[in-house]
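Spelled out, the chains give:
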Amino acid sequence: EYRLWTRLDVSSYNFTSMPEPQGFWVEDVTPQGQPQVEQLSRNGRQYTTAVIRRVALVPSGTGQRTLDPIGLQAQVRVRRSDPFGDFFGGNPFFGSGAEPTTVMSNPVKLDVRPLPPGRPEPFSGMVGTLRITSQLDRDSVDANNAVTLTVRLSGEGNIKGVPNPQLDLPSDFQVFPPEVSESDQAFGPGLSGEKKLDYVLIPRAPGQRVIPAITMGYFDERTGTYKTASS
């Protein structure tokens, strides 16, 4: 989270620099609309404050990482009035009472630890929780006609980074690349989301067939252990 703290009236602001974090997959989860303004105490002093940017970061490797500062220019009215009436666009002050002020955030350091050995295969890369469901649109079909297999991956973590599952289909099935849709949202300190895959399957011969369960391993950070999700 990037949070602005002020004891002056800020009428508007814009970002002057926003370096892309290196070594991370980045998802912007900043709430839409005007920032939520509140009064908080910091180091014994009262401030008007708001979260101005929020991102979810998923490191792509291990070791030390540094998030470089972002820059901000704010239009500030020096003469103080009602902070809730003027803060973030209540009244624009681009006339004689407004002064541009530039500030920078502090750099943030992060130590990314490796996952422990012994991960199950196939491994999804998911750190958090993972659930898998699979369903056919029908359970009876003529040979050489298509059916749709819908697979849903959901959980807490970087669901967009999970690879498409490996399907262990009968040899006489023709399978087409899936149509994929994804969604995610902020959840606690991270993300949650769902990945939906629609596979078109065509059985080329008659008879009874079984589509095996789909399994993928993940790391449950709450228990510190590897687990396997299965449809």
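See the structure shown above.
Quick caveat: nothing in here was measured; it's all calculated off a predicted structure.

Looking at this structure, I do not really get the sheet that holds strand 4 (residues 38-42). What am I missing?
Sheets are built from strands that pair by backbone hydrogen bonding, the pairs being arranged parallel or antiparallel. Strand order in the open sheet formed by three strands is 1-5-4, and the pairing between neighbours is antiparallel. If you trace the sheet from one side to the other, it starts and ends with strand 1 (2-6) and strand 4, each paired once. The sheet shows a mean angle of 45° between the axes of neighbouring strands, direction not considered. Sheet topology places strand 4 next to strand 5 (residues 45-53); five bridges connect them, and they run antiparallel. Considered in strand 5, the bridge of Glu38 is made with Thr49.

How do you make sense of the pattern of salt bridges when you look at a structure like this?
Pairing between side chains of opposite charge can happen when the charged atoms of each approach one another. Using the criterion set out here, one finds 13 salt bridges in the structure. With its nearest N and O atoms 3.9 Å apart, the salt bridge here joins Arg53 to Asp28. Here Arg53, found in strand 5, pairs with Asp28, found in strand 3 (residues 24-28); they are 25 residues apart in sequence, far enough to count as distant. Overall, Arg53 belongs to the buried group, its relative accessible area being 12%. For the salt bridge of Lys227 with Asp220, the shortest nitrogen-to-oxygen distance reads 2.9 Å. Taken together, the shared-partner salt bridges connect Glu27, Lys160 and Asp184 into one network.

What counts as what
Residues numbered from 1 in each chain as written. Predicted model: local features only at pLDDT ≥ 70, side-chain atom pairs only at ≥ 80, totals over all residues. Heavy atoms only, no water. Pairing = 2+ DSSP bridges. Helix = DSSP H or I, 4+ residues; strand = E, 2+ residues; numbered from the N terminus. Axes fitted to C-alpha atoms, helices over the stretch in contact; angles between N-to-C directions. Salt bridge = Lys/Arg side-chain N within 4 Å of Asp/Glu carboxyl O. Buried < 20%, exposed > 50% of the residue type's maximum accessible area, 1.4 Å probe, protein only.

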